[in-house]
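What follows is the residue order along each chain.
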Amino acid sequence: MRNKVTKAIFPVAGLGTRFLPATKSVPKEIMTLVDRPLIQYAIDEARAAGIKEFIFVTSRGKSALEDYFDHAPELETALRKAGKTELLQILKNTNMESGAIAYIRQHKALGLGHAVWCARRLIGDEPFAVILPDDVIAAEQPCLQQMTEAYEETGGAMVAAMDVPRERIGSYGVLDLEDDKGDLVKVRGMVEKPTPDQAPSNLAVIGRYILTPDVLKNLNRMKQGSGNEIQLTDAIADEIAQGRDVYGYRFRGQRFDCGSKAGFLQATVAFGLARDDLREDLLRYLHELVSVEKAAQ
Ligand code: UTP
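A. Spotlight on the layout of surface pockets. By volume, the largest pocket is sized at about 1,300 Å³. As for the largest pocket, its lining consists of 46 residues, of which Arg18, Leu132, Asp134, Lys193 and Asp257 are closest to the centre. Residue assignment for the lining of the largest pocket shows that the elements contributing at least two residues are helix H5 (112-117), strand S11 (203-211), helix H9 (232-241), strand S13 (254-257) and helix H10 (261-273).

Pasting the structure below:
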């Protein structure tokens, strides 16, 4: 029997410079998509996939994120007294079991690979998931759950993958494929942020991973890669060089890059439209806006 994946690392120690000045004092992961912080979407996805231990790799200035997971007894009492049961339930759904969350500090933003490595002692000798909260994925079946199901069949390491137009491939880690058939593809190499003409495929790595402790061992070498950062992609690519299996998984769903302003705005519209209480008003506004834009052209 394969070990179940019950631990997830959430690397949230990045500087979030693309959202300055907001990220001067607000961690990017606390910024709200409609009415829930980005981190809540990530937690819900992890819970749906059976994750029981949530490991946050944080840094200076992220205390709002830690506070977010505290229970709020005064608020709960006030809502209960006021008979606001629906809001009370929304609040309670964010409560985490005592001891389920651990915070580890990354003292310097040396890269995603380094952030994951910082959590090595809490992972021990088990497979684990990594979720980047700024990649938000709208899906009928949550993305990580799709991946844990596929992982039960394959073992090895697995990265979420998405087809990306060639002109934009240079912003991603890119998969070199053994054969490109179906949703689950065997990987024979990975390149971080290649130039479009050097990209081995159009299949990009997205911020969901299932990894083995061997990847942490590879990270021990602290090899600097693209942008002089310690890259997670490089440590996964080393797995292949060492003869272990790595898979790409084409998930079913739509990914929003909420680490970028345009992606965040698109996600806000998409998640707003998906809400019954907002859809009608928002759609009307968008129609008006488009007509005004068209008339002005
Ligand atoms: P990004 O590449 O989006 O970097 O990191 P960033 O610092 O968050 O944002 P910008 O580019 O300055 O606007 C991807 C994920 O990896 C984490 C980030 O917190 C984010 O979840 N990360 C990145 C770390 O935890 N530590 C690092 O050293 C780098």
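B. Examining the pattern of salt bridges more closely. Tallied over the full model, the rule gives 22 salt bridges. Here Glu29 makes a salt bridge to Lys62, at a shortest N to O gap of 3.2 Å. Pair noted here: Glu29 is in the loop between strand S1 (7-11) and strand S2 (32-33) and Lys62 is in the loop between strand S4 (53-58) and helix H2 (63-68), with a separation of 33 residues, a long-range link. Summarising the burial analysis for this pair, Glu29 and Lys62 share the class buried.

C. Up close: the packing of helix H3 (residues 73-81) against helix H4 (residues 85-92). Where H3 contacts H4, the axes come no closer than 8 Å and their chain directions differ by 160°. Judged on the interaxial angle alone, H4 and H3 are roughly antiparallel. H4 is crossed by H3, and the crossing has left-handed handedness. Listed contacts from H4 to Leu75, Glu76, Leu79 and Arg80 of H3 are Leu87, Leu88, Leu91 and Lys92.

D. Fine view of empty space enclosed by the protein. A complete count under the given rule lists 1 cavity of 30 Å³ or more for this structure. In this model, the largest cavity occupies a volume close to 50 Å³. Together, Asn218, Leu219, Met222, Lys223, Ile230, Gln231, Asp234, Ala235 and Asp238 line the largest cavity. Those elements giving two or more residues to the lining of the largest cavity turn out to be helix H8 (213-219) and H9. Ranked by residue count, the leading element in the lining of the largest cavity is H9, at 3 residues. Considered class by class, the residues forming the lining of the largest cavity number 4 nonpolar, 2 polar and 3 charged.

E. Spotlight on the pairing of strand S9 (residues 173-177). Where burial is concerned, most of S9 is hidden: 4 out of the 5 residues are buried. Direction of pairing for S9 relative to strand S10 (residues 184-192): antiparallel, over a ladder of 5 bridges. Following the sheet pairing, Gly173 is matched in S10 by Glu192. Between S9 and S10, which pair antiparallel in sequence order, lie 6 residues; one of them, Gly182, sits at a positive phi of approximately 75°.

F. Spotlight on the site of the ligand. The full set close to the ligand counts 17 residues, and Pro11, Leu15, Thr17, Lys28 and Gln106 are the nearest of them. A distance of 3.1 Å separates an oxygen atom of the ligand from a polar backbone atom of Gly16. Within the side chain of Gln106, a nitrogen or oxygen atom sits 2.8 Å from a nitrogen atom of the ligand. Isolated, the ligand exposes 560 Å² of accessible area, and the fraction of that covered by the protein chains is 82%. Spatially, the ligand is embedded in the largest pocket. Here the shell around the ligand is composed, by residue class, of 8 nonpolar, 5 polar and 4 charged.

G. Summary view of the nonpolar core. Core analysis: the largest hydrophobic core is formed by 39 residues, its most contacted members being Phe10, Phe54 and Phe56. Mapped onto this core, the elements with two or more residues apiece are S1, helix H1 (38-48), S4, strand S6 (128-131), helix H7 (143-154), strand S8 (157-163), S11 and strand S12 (246-250). In terms of residue count, H7 provides more of this core than any other element does, 5 residues in total. Contact partners of Phe56, with chain neighbours within four places excluded, come to Phe10, Val12, Ile39, Ile43, Leu65, Phe69, Ile101, Ala102, Tyr103 and Ile104. Grouped together as the second largest cluster of nonpolar side chains are 35 residues, Trp117, Leu203, Ile230 and Ile240 included.

Scoring rules and cut-offs
- Every chain is numbered on its own, with residues counted from 1 as its sequence reads.
- Residue-level local features of this predicted model are given only where pLDDT is at least 70; pairs of side-chain atoms are given and counted only at 80 or more, and the full residue set underlies all totals for whole chains, interfaces and linings.
- Where side-chain values are given, they derive from all heavy atoms of the structure, hydrogens and water being excluded.
- As defined here, a cavity is a set of points on a 1 Å grid over the protein atoms alone where a 1.4 Å probe fits but cannot get out. A pocket is an open set with protein on both sides within 12 Å along at least five of seven lines, and residues line them when an atom is within 4 Å of a point.
- Grid points are joined across faces, edges and corners, and a volume is the space filled by probe spheres set on the points.
- Secondary structure elements follow DSSP: runs of H or I of four or more residues count as helices, runs of E of two or more count as strands, with numbering from the N terminus.
- In what follows, salt bridge is the name for a side-chain nitrogen of Lys or Arg lying within 4 Å of a carboxyl oxygen of Asp or Glu.
- Burial here depends on accessible area, computed with a 1.4 Å probe over protein chains only, as a share of the maximum for the residue type. Under 20% is buried, over 50% is exposed, and the range in between is partly exposed.
- For helices, the fitted line uses only the C-alpha atoms of the stretch in contact; every axis is such a line through C-alpha atoms, and the angle between N-to-C directions lies from 0 to 180 degrees.
- Here the angle decides the label: under 35 degrees means roughly parallel, over 145 means roughly antiparallel, 65 to 115 means roughly perpendicular, and every other value means oblique.
- The handedness criterion is simple: a crossing whose near helix is rotated anticlockwise from the far helix by less than a right angle is left-handed, and one whose near helix is rotated clockwise is right-handed.
- Here, residues are in contact when the closest pair of their heavy atoms is within 4.5 Å.
- Only Asp, Glu, Lys and Arg are considered charged, only Ala, Val, Leu, Ile, Met, Phe, Trp, Tyr, Cys and Pro nonpolar, and every remaining residue, Gly among them, polar.
- Two strands are said to pair when DSSP picks up at least two bridges between them.
- Any residue with at least one heavy atom within 4 Å of a molecule or strand is counted as near it.
- Here a polar contact is recorded for every N or O atom pair within 3.5 Å, except that within protein the pair must consist of a potential hydrogen donor and a potential acceptor, and residues adjacent in sequence are included only if both atoms are side-chain atoms.
- Under the convention used here, a 1.4 Å probe and the Shrake-Rupley method define accessible areas, while residue burial counts only the protein chains that appear.
- More than half of a molecule's atoms within 2 Å of the grid points is what it takes for that molecule to sit in a cavity or pocket.
- Among the buried residues, those of types Ala, Val, Leu, Ile, Met, Phe, Trp, Tyr and Cys that are joined through side-chain atoms within 4.5 Å form a nonpolar core.

Everything listed is a geometric property; what it means functionally is a separate question.
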